[in-house]
Amino acid sequence: MIRRLLTLLVVLPLGLVLIVLSVANRQSVRLALNPFDPADPALSVASPLFVLLILAVMLGVVIGAAVIWFSQGKHRKQARTQSRVAAQWQAEADRQKNRAEQIAGAGLPALEAK
């Protein structure tokens, strides 16, 4: 319930800001990718400003996520290794427990019925 409320408190204002940004920046702009010849139509695109802004933010989020993913790779590898070692130790503990139960069971004398 609290998570849903928190999501609503974050998503609703963000959506309103995006709508206001879209309405206020509907004019078409040209993004030139050739710094030496900005009029070159092959390396330029014309679209509304809000589309370019939203695409820039989305690209930033993707690049940031990729950087974080690759920088934390050593920690994920260490966690996988430790998980495998823990599973091996758990299996060894289970084998030793079964062995101890077998030894304890074999050492008990059989009860004779009178």
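Please read all numbers here as calculations on a predicted model, not as lab measurements.

Draft legend 1. Spatial organisation of the overall build of the protein chain. Helix and strand counts for the protein chain come out as three helices and two strands. Reading the helices (α) and strands (β) of the protein chain from amino to carboxyl end gives α-β-β-α-α. Relative to the globule expectation of 13 Å for 114 residues, the C-alpha radius of gyration of the protein chain, 32 Å, shows a markedly less compact shape. Reported as C-alpha extents along the three principal axes, the dimensions of the protein chain are approximately 105 × 40 × 20 Å.

Draft legend 2. Summary view of the packing of helix α1 (residues 2-24) against helix α2 (residues 49-71). In contact at an axis separation of 8 Å, α1 and α2 are set at 140° when each is read in the N-to-C sense. The angle between the axes of α1 and α2 places the two elements in the oblique class. Every residue of α2 that contacts α1 at L18, L21 and S22 is listed here: F50, L53 and I54. Looking at the contact of α1 with α2 residue by residue, the classes come out as five nonpolar, one polar and no charged.

Draft legend 3. Representation of the packing of aromatic side chains within the structure. Throughout the structure, instances matching the rule amount to zero aromatic pairs. The ring of W69 carries R76 above its face, with NZ or CZ at 3.6 Å from the centroid.

Draft legend 4. Highlighting the pattern of salt bridges. Enumeration over the complete set of coordinates arrives at one salt bridge. For R95, the salt bridge goes to E92, with nearest N and O atoms at 2.6 Å. Remark: E92 and R95 occur in helix α3 (residues 73-107); sequence separation between them is three residues, near one turn of the helix.

Definitions and cut-offs
- Residues numbered from 1 in each chain as written.
- Predicted model: local features only at pLDDT ≥ 70, side-chain atom pairs only at ≥ 80, totals over all residues.
- Heavy atoms only, no water.
- Helix = DSSP H or I, 4+ residues; strand = E, 2+ residues; numbered from the N terminus.
- Rg over C-alpha atoms; globule rule 2.2 N^0.38 Å.
- Axes fitted to C-alpha atoms, helices over the stretch in contact; angles between N-to-C directions.
- Parallel < 35°, antiparallel > 145°, perpendicular 65-115°, else oblique.
- Contact = heavy atoms within 4.5 Å.
- Nonpolar A, V, L, I, M, F, W, Y, C, P; charged D, E, K, R; others polar.
- Phe/Tyr/Trp six-rings, centres within 6.5 Å; stacked < 30°, edge-to-face > 60°.
- Lys NZ or Arg CZ within 6 Å of the ring centre and 35° of its normal.
- Salt bridge = Lys/Arg side-chain N within 4 Å of Asp/Glu carboxyl O.

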